[in-house]
Amino acid sequence: AQKITQTQPGMFVQEKEAVTLDCTYDTSDQSYGLFWYKQPSSGEMIFLIYQGSYDEQNATEGRYSLNFQKARKSANLVISASQLGDSAMYFCAMRARNAGNMLTFGGGTRLMVKP
Amino acid sequence: DAGITQSPRHKVTETGTPVTLRCHQTENHRYMYWYRQDPGHGLRLIHYSYGVKDTDKGEVSDGYSVSRSKTEDFLLTLESATSSQTSVYFCAISESYPITGELFFGEGSRLTVL
């Protein structure tokens, strides 16, 4: 079975500063993908970034980067230059080749950006 | 934006009544999913479908059934709703199976069971 753990229920960050949201995962599969989604207060789920288990470089998408440490089974999301609009719930998720076609989510981290 | 429509968006019902939530997609994606979202649990998979009439159980399937008679529609049914099924339900779709493929989500359906 695969499992995603997000240990920070809530976090504050000052506007324009960088913030790291933690995510650790557990799987026995060698081939898997890691995802981050954002859920603003309006409720929709927005895909942010993807990292494959065989990707040698950390994924980046604009202000988002994924700090992938395979040996530690961690996939932390880094948001640079935080903006007020970044205030939202953030979910880490994983999809493994031998776990069917299921995306498994962590419990989420609520990020609040202070002006 | 992916063309995914969930209906109804909000529903209040009483314990013991049947409820059906509908997910409709215009993307012709093969895979469709139903998740529920509860505080502290993130999103948990209820059922998913990998083609017309092909469905499988997810992590929290007890008390739910699904049907997919057409590529574009995936129905989630609560045969006899209970208060523990009060939740926000999300439908999602993906084009194919590579682990690189992200899921696209609908806007969610908020169900309250009194």
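Owing to the predicted nature of the structure, the values given are computational and were not obtained by experimental measurement.

Q: What am I meant to see in unusual backbone geometry here?
A: Peptide bonds are mostly trans, and most non-glycine residues show a negative phi. For the peptide bond that leads from B:Ser7 to B:Pro8, omega is -10°, which places it in the cis range. As for its position among the elements, B:Pro8 is in the loop between β1 (4-7) and β2 (10-13). Residue A:Ala81 is not a glycine yet carries a positive backbone phi of 45°. Structurally, the position occupied by A:Ala81 is in the loop between β9 (74-79) and β10 (88-96). Accessibility expressed as a relative area gives 37% for A:Ala81, which makes it partly exposed.

Q: Before we go on, may I ask you to explain the interface of chain A and chain B in this structure?
A: Many authors give the size of an interface as the accessible area that is lost as the parts come together. Counting residues at the interface gives 22 residues for chain A, matched by 22 residues for chain B. Note on chain A versus chain B: buried area summed over both sides is about 1,800 Å², and carbon and sulfur give 58% of it. At the boundary of chain A with chain B, the tally comes to 0 salt bridges. Linking chain A with chain B are 5 residue pairs in polar contact (both at pLDDT 80 or more).

Q: How should I be thinking about the sheet that holds strand β8 (residues 73-78) of chain B in this particular structure?
A: As a general point, the strands of a sheet are linked pairwise by backbone hydrogen bonds and lie either parallel or antiparallel. Residues and elements named next belong to chain B. The strand order across the open sheet formed by 4 strands is β1-β3-β8-β7, and the pairing between neighbours is antiparallel. In the strand order of this sheet, the two ends are held by β1 and β7 (65-70), each with one partner. Strand-to-strand twist across the sheet, computed as the mean angle between neighbouring axes with direction ignored, equals 20°. Where strand β3 (residues 19-25) and β8 come together, 6 bridges link them in antiparallel fashion. Across the sheet, Cys23 pairs through a bridge with Phe74, a residue of β8.

Q: Honestly, the side chain of B:Ser49 in this entry has me stumped. Any pointers?
A: Residues and elements named next belong to chain B. Residue position: Ser49 is located in strand β5 (residues 42-51). Within polar-contact distance, the side chain of Ser49 engages the backbone oxygen of Gly51 at 2.9 Å. Among the polar contacts listed, one links the side chain of Ser49 to the backbone oxygen of Asp54, at a separation of 2.8 Å. Discounting residues that sit within four places of it in the chain, Ser49 has contacts with Arg30, Tyr31, Met32, Asp54, Thr55, Arg68 and Phe74.

Q: Before we go on, may I ask you to explain the pairing of β10(A) in this structure?
A: Along any regular strand the residues' side chains alternate between the sheet's two faces. Residues and elements named next belong to chain A. Most of β10 is tucked away, with 9 of its 9 residues classed as buried. One ladder, built from 8 bridges, connects strand β5 (residues 32-39) with β10; its direction is antiparallel. Pairing of Phe35 across the sheet is with Ala93, part of β10. The pairing of β10 with strand β12 (residues 109-114) spans 3 bridges and is classified as antiparallel. When the bridges of β12 are listed, Met89 appears paired with Arg110. Looking at chain direction, β10 and strand β11 (residues 104-105) are connected through 2 bridges and run antiparallel.

Q: Looking at this structure, how should I read the nonpolar core?
A: The tendency in soluble globular proteins is for nonpolar side chains to be buried side by side. Ranked by internal contacts, the top residues of the largest apolar core, which has 26 residues, are A:Leu21, A:Tyr25, A:Trp36, A:Ile49, A:Leu77, A:Tyr90 and A:Leu111. Listed by contribution, the elements that provide at least two residues to this core are β2 (10-14), β3 (19-21), β5, β6 (46-52), β8 (64-69), β9, β10 and β12 of chain A. In terms of residue count, β10(A) provides more of this core than any other element does, 5 residues in total. For A:Leu77, the residues in contact, after removing those within four places along its chain, are A:Val19, A:Thr20, A:Leu21, A:Trp36, A:Leu48, A:Ile49, A:Tyr64, A:Ser65 and A:Tyr90. Counting 20 residues, the second largest nonpolar core, distinct from the first, contains A:Tyr50, B:Tyr33, B:Tyr48 and B:Phe105.

Q: What am I meant to see in the pairing of β1(B) here?
A: Residue and element names in this part refer to chain B. Along β1, the buried face is formed by Ile4 and Gln6; none of Thr5 and Ser7, which line the opposite face, is buried. Strand direction decides the pairing type here: β1 and β3, joined by 4 bridges, are antiparallel. Note on β3: the bridge partner recorded for Thr5 is His24.

Q: Hey, could you run me through the environment of B:Gln25 in this one?
A: Residue and element names in this part refer to chain B. Checked against the element boundaries, Gln25 lands in strand β3. Among the residues examined, Gln25 registers a relative accessible area of 2% and is labelled buried. It is 9.1 Å that separates the C-alpha atoms of Gln25 and Gly106, two residues lying 81 residues apart in sequence. In this view, Gln25 contacts Gly3, Ile4, Met32, Arg68, Thr71, Glu72 and Ile93; residues no more than four positions away in its chain are not counted. A distance of 2.7 Å separates a polar atom in the side chain of Gln25 from the backbone oxygen of His29. In this structure the side chain of Gln25 is engaged in a polar contact, spanning 3.2 Å, whose partner is the backbone oxygen of Thr71.

Rules of the game
Residues numbered from 1 in each chain as written. Chains lettered and ligands numbered in written order. Predicted model: local features only at pLDDT ≥ 70, side-chain atom pairs only at ≥ 80, totals over all residues. Heavy atoms only, no water. Helix = DSSP H or I, 4+ residues; strand = E, 2+ residues; numbered from the N terminus. Buried < 20%, exposed > 50% of the residue type's maximum accessible area, 1.4 Å probe, protein only. Contact = heavy atoms within 4.5 Å. Buried area = accessible area lost by both parts, 1.4 Å probe. Salt bridge = Lys/Arg side-chain N within 4 Å of Asp/Glu carboxyl O. Polar contact = N/O pair within 3.5 Å; in protein donor to acceptor, adjacent residues only side chain to side chain. Pairing = 2+ DSSP bridges. Axes fitted to C-alpha atoms, helices over the stretch in contact; angles between N-to-C directions. Core = buried A, V, L, I, M, F, W, Y, C linked by side-chain atoms within 4.5 Å.

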